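Tertiary structure, described
Listed here are the chains, written in short residue letters.
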Amino acid sequence: MKSLRGLRRALESTRPRYVPFQPTPIARASFLTWRRSKVKAPGVASTPRSHHDEANGGPVTPPKPPQHVLSQPMRAVMRQLPHPVVVITTLENTRSIAKVEDMLDKRFPRPIPRAMTVSSFTSLSVDPVPRVTFNITLPSTTYQALAKCGRFNAHILTGDEYGARIADLFTRGNRPTAAKPAPETESPEEPDLGVLAGLEELDVHVLGQEDWHKEWELARDYGGKVLDTIKAGGYKTDVEIPPSGTLPVLQGKGILHVLKCQYRHLTPLVDGDFDHHAIVMGEVLDIIPGESVDQSDLALAYADRAYRQMGEKLLERPVADPPVPEEENTPLSDDVSTGNTEEQK
């Protein structure tokens with residue numbers, strides 16, 4: 001015991017006096033890599049975890065957690081609950097003018113569309129700001145691209161065979177199919193559409209290809225223009241900021257609406273909450289109508305492992321007069337609250 005206390009005092013004497021002696025922090029495992037637990041200073045935000053293996057250039061598969069005792073009963077319950085089916089599109093390899101390495105890297109790959117089908121899409125709010133949310137199972141190349149790009153498009157699908165075929169196309173990941181391998185070479189005249197390449201068979205068109213490639217080139221040239229301006233005695237603000245934000249928009253049979261959204265990062269309340277699933281929130285910036293002009297059309301649904309078309313009307317709710325100004329906080333009669341049911345009793 002005396003020798004251990006002497007060693008402790010010797011180690012303490014070699015450290016600055018304002019740094020308390022602490023044992024070596026225990027290394028803990030995550031599905032990404034081994035990392036040491038750190039004590040965060042007060043007021044310092046935590047850095048979101050990355051589900052991407054930079055060494056191999058792809059997402060990392062997390063270890064499968066122990067199955068909860070209610071996992072299977074919960075799956076059975078959720079199969080009976082219809083879910084909206086929405087296709088999310090975004091871009092991978094978008095250049096950021098805020099990052100010097102993105103602007104100056106001449107070998108930076110061209111943008112590639114990413115897409116996925118989600119059945120957890122819902123509105124988070126309508127007023128004062130329209131927001132939507134959905135969740136993603138990790139790891140996901142689409143989520144990695146969405147988080148870096150900062151934007152995404154949500155495609156509401158028609159409740160028919162056209163919408164179902166579009167939804168089913170994006171349930172197999174972002175890897176090219178064996179029948180249509182990805183081209184080895186890429187040119188601006190023939191941009192790589194990635195997983196969107198099979199849409200032409202469904203008579204669905206991808207809009208914005210020329211625009212997002214042009215924005216990528218302008219962002220690439222922006223860094224050189226800034227350096228030349230600074231060398232000439234000017235300022236970064238003297239260079240016009242290039243346009244950005246164009247993402248794949250699907251148009252054709254099966255597309256009911258397209259919501260153009262700005263990604264809002266959410267930090268998990270508990271460390272590790274987003275290890276296997278991530279919650280995505282987006283602020284709706286614009287709404288693009290699809291081919292269907294009938295506002296009574298209902299979107300595609302999914303229940304019991306199959307795409308569904310909503311059935312007959314059971315009970316129509318009466319439409320009341322708009323509320324008077326003194327009752328601005330009173331919800332309209334055609335608004336179905338999704339809050340706590342106990343508070344509504």
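See the structure shown above.
Residues numbered from 1 in each chain as written. Predicted model: local features only at pLDDT ≥ 70, side-chain atom pairs only at ≥ 80, totals over all residues. Heavy atoms only, no water.

1. Structural notes on the overall build of the protein
Per the secondary structure count, the protein includes six helices and 16 strands. Going through the 345 residues of the protein one by one, you find that 30% of them count as buried. Taking contacts inside the protein between residues at least 6 apart in sequence as the whole, the part at least 24 apart equals 70%. For the protein, the accessible surface area stands at approximately 23900 Å², while carbon and sulfur atoms represent 55% of it. (Helix = DSSP H or I, 4+ residues; strand = E, 2+ residues; numbered from the N terminus. Buried < 20%, exposed > 50% of the residue type's maximum accessible area, 1.4 Å probe, protein only. Contact = heavy atoms within 4.5 Å. Areas by Shrake-Rupley, 256 points an atom, 1.4 Å probe, with all protein chains shown as cover.)

2. Re the side chain of His-83
Looking at where His-83 falls in the secondary structure, it is placed in strand β5 (residues 83-84). Accessibility expressed as a relative area gives 18% for His-83, which makes it buried. A distance of 3.3 Å separates the side chain of His-83 from the backbone oxygen of Met-78, its partner in a polar contact. Every residue in contact with His-83, bar those within four places of it in the chain, is listed here: Met-78, Ser-119, Leu-300, Ala-301 and Tyr-302. (Polar contact = N/O pair within 3.5 Å; in protein donor to acceptor, adjacent residues only side chain to side chain.)

3. Comments concerning the packing of aromatic side chains
The tally for this structure, following the rule as stated, stands at three aromatic pairs. Summarising the aromatic geometry, the rings of Phe-121 and Phe-134 are spaced 6.3 Å apart at their centres and angled 25° between planes, so their arrangement reads as stacked. Here Phe-134 lies in strand β9 (residues 131-137) and Phe-121 lies in the loop between β7 (112-118) and β8 (122-125), a separation of 13 residues in the sequence. Like Phe-134, Phe-121 is buried. (Phe/Tyr/Trp six-rings, centres within 6.5 Å; stacked < 30°, edge-to-face > 60°.)

4. A look at the pattern of salt bridges
Under the definition given, this model contains seven salt bridges. Measuring nitrogen to oxygen at the nearest pair gives 2.4 Å for the salt bridge that ties Glu-92 to Arg-114. With a gap of 22 residues between them, Glu-92 in strand β6 (residues 86-92) and Arg-114 in strand β7 connect regions that are remote in the sequence. Exposure class is identical for Glu-92 and Arg-114. Each is buried. The shortest N-O distance in the salt bridge between Arg-264 and Glu-283 comes to 2.8 Å. (Salt bridge = Lys/Arg side-chain N within 4 Å of Asp/Glu carboxyl O.)

So yeah, pure geometry; function would need other evidence.
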